[in-house]
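Now for the letters of each chain:
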Amino acid sequence: AADYAGWALNDPQIASVVMALEGLRTPSRFLELARRAREAEKPLIVLKLGRSQRAARTALAHTGKMAGAFRTYEAVFRQNNVVSVDDPLELAEVAALFEKCPAPRGERISVVTFSGGWSGVVADQAEALGLPMADFTEKTEAALRPLLDFTPPVNPLDLSGNVNNHPERWGQSLEAVLADENTDIVVVFIHQVREAWRGRLISPVLELARRSDKPILVVYDGGKVVEAGFDQLAKDRSLPIYRGSQPALKALKRFVDYHRRANVTADDTPRPDLPDGAAATMKAQLAGNGRSLSEHAAKAALRAYGLPMVGERLVMSEAEALTAAEEIGFPVVMKGLADGLEHKSDAGLVHLNLKDAGGARAAYGDLAEKLAGQTLNGQPAPCVVQQMVTGGVEVILGMQNDPDFGPMILVGVGGVMTELLDDVALRRAPLSRRDVKDMIGETRLGMLLQGYRGAPRADRAALEDAILRLSDLAVEHAQEIESIDINPLLVLPEGEGCVAVDALIVKPEEATQ
């Protein structure tokens, strides 16, 4: 398949390459194909099969290759500007736009129709898809007013009875909308009226399309399957035609997203430097622990790469716990560490906001009782005393080593509600700073970091550096680490940095055998 697709990319008469994909035997070949598509400025449009567990089993029986997790594929597609679609029909619907339309100068769409009801439907659909509607300029409004008997000159433009009573106004209105400086793309919506009327609406559209440098698409909805107007459009072959507004706008969303990503410039802000000896420290921690590194060991390894970790002390007795709490400074957090109990909150092994020695003594007593008989790497299970950090935006930062694509970096809204909210973005390492900015923008973190509901603006630059450090770490130790989970990472007010208060590193199963 990669050979056929590569041949198609070299053909100057082919505008885009479409493919259905079950799985990848050689992911590197697909990534190389995506790179070549970007260089050729031709979209690679992909339908990924095997998204559900049942479909994945079908793919396994058919190809002998278990389909990878769809979220991972979607992240790789987005990162490499591959257009992902949902069904076979959409492959053709999206490809038609790239074949027949010039690249848009922006994303603002204008819709011209002759139904107030459909105007509302299309506006709602566009907003739901994140397609911005243009606001006509005053010049455009002035040009439209004489052409409208009882509807306002707003977008979507409803010509209503003007089409029937004054057919010449149809072409004049289209011309005014195409000339609008705020309009980047025009959607022409032709729907249920008499067949004779629909037919005479086509020629003005085709004539204007030949003179316009803006993308134009036609929604020809209703009527018979084949009739004069539709037949005229189809035979002309110059415009993409859709039989409904929803598939048209969905295809248009794929189209504008592709061109937006293609036009993004690289962010040349310097990457953070990695400290000397980071790799050696990580290897030592991986060698000295079981399959799951304890929180304390994981933090030591991550700290070596410059990832900011909360101040803490490992303790084995009540006296050591009290001394550590006094030296760190109240309030503190106390946790119990033991093999097999990575999710400490669920096991009742976390005590927060201990404000004095009495609270610390009681917390240690509770943890000692729960940890009785437990071990950590063959030794009696210890406790850890940490600085209590409050405030900030809670972020989850992680890595999962994917069998197809290698280290995948995850960023999203963190804290105890992480799994419930499922508000995360994913990219394949190594990340660029542009990748990092895009990931933050894809989640609610973008708004939270700006200072939501009176909260101070958070240190976004510190978070970006932390994500880049994790990306570099993941690439350097891709064969030695299966997953990393930092949750939460607290992003403090601007200028104060960020700090991780919990972390977990898991090695591949074969590494402990």
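First things first, this report covers the structure right here in the doc. (Residues numbered from 1 in each chain as written. Predicted model: local features only at pLDDT ≥ 70, side-chain atom pairs only at ≥ 80, totals over all residues. Heavy atoms only, no water.)

Viewed as axis vectors pointing N to C, helix α1 (residues 2-9) and helix α2 (residues 27-40) meet at an angle of 10°, and their least axial separation amounts to 10 Å. As the angle between them shows, α1 and α2 are arranged roughly parallel. Only Arg29, Leu33, Arg36, Ala37 and Ala40 of α2 make contact with α1, whose side of the interface consists of Ala2, Asp3, Ala5, Gly6 and Leu9. Tallied by class, residues from the contact of α1 with α2 come to six nonpolar, one polar and three charged. (Axes fitted to C-alpha atoms, helices over the stretch in contact; angles between N-to-C directions. Helix = DSSP H or I, 4+ residues; strand = E, 2+ residues; numbered from the N terminus. Parallel < 35°, antiparallel > 145°, perpendicular 65-115°, else oblique. Contact = heavy atoms within 4.5 Å. Nonpolar A, V, L, I, M, F, W, Y, C, P; charged D, E, K, R; others polar.)

We now examine the pattern of salt bridges. Scanning the model with the defined rule gives 41 salt bridges in all. Here Glu207 and Arg211 are joined by a salt bridge, their closest N and O atoms 3.5 Å apart. Taken together, the residues Glu207 and Arg211, both in helix α11 (residues 202-211) and four residues apart, mark about one turn of the helix. Assessed through its relative accessible area of 53%, Arg211 is described here as exposed. The closest approach of N and O atoms between Arg260 and Asp257, which form a salt bridge, is 3.0 Å. Taken together, the residues Arg260 and Asp257, both in helix α13 (residues 245-262) and three residues apart, mark about one turn of the helix. Asp257 sits in the buried class, given a relative accessible area of 13%. (Salt bridge = Lys/Arg side-chain N within 4 Å of Asp/Glu carboxyl O. Buried < 20%, exposed > 50% of the residue type's maximum accessible area, 1.4 Å probe, protein only.)

Below, the discussion takes up the environment of Gly365. Turning to its location among the elements, Gly365 is positioned in helix α17 (residues 357-371). Under the relative-accessibility criterion, Gly365 is labelled partly exposed at 36%. As a C-alpha pair, Gly365 and Glu318 span 47 residues in sequence and 7.7 Å in three-dimensional space.

Turning next to the pairing of strand β2 (residues 44-48). With five of its five residues buried, β2 lies for the most part within the structure. Of the two faces of β2, the one holding Leu44, Val46 and Lys48 and the one holding Ile45 and Leu47 are both buried throughout. With five bridges connecting them, strand β1 (residues 17-21) and β2 associate as parallel partners. Bridge pairing links Val17 to Leu44 in β2. Handedness of the crossover is the feature at issue here: the chain leaves β1, passes through α2, returns alongside β2, and the resulting connection is right-handed. Sheet topology places β2 next to strand β3 (residues 83-85); three bridges connect them, and they run parallel. Note that in β3 the partner of Val46 across the bridge is Ser84. (Pairing = 2+ DSSP bridges. Right-handed = clockwise from strand over helix to strand, strands pointing away.)

With 14 residues, helix α6 (residues 116-129) ought to run about 20 Å at 1.5 Å a step, and its terminal C-alpha atoms sit 20 Å apart, in line with that. Along α6, the residues that are buried comprise Ser119, Val122, Gln125 and Ala126. What you see down the axis of α6 is that its buried residues fit within an arc of 135°, all on one side. Summarising the geometry of α6, the exposed residues directed more than 90 degrees from the buried face are Gly117, Asp124, Glu127 and Ala128. Buried residues belonging to α6 abut β4 (109-113), β5 (157-158), β6 (185-190) and α13. (Expected span 1.5 Å × (residues − 1). Arc of directions from axis to C-beta.)

Here we take up the sheet that holds strand β7 (residues 216-220). In space, the five strands of this open sheet follow the order β5-β4-β6-β7-β8, with parallel pairing throughout. Edge positions in the sheet fall to β5 and β8 (241-242), since each has one partner strand and no second. The pairing of β6 with β7 spans five bridges and is parallel. Across the sheet, Val187 pairs through a bridge with Leu217, a residue of β7. Sheet strands touched by helix α12 (residues 228-236): β7 and β8. Its angle to β7, the strand with the most contacts, is close to 150°.

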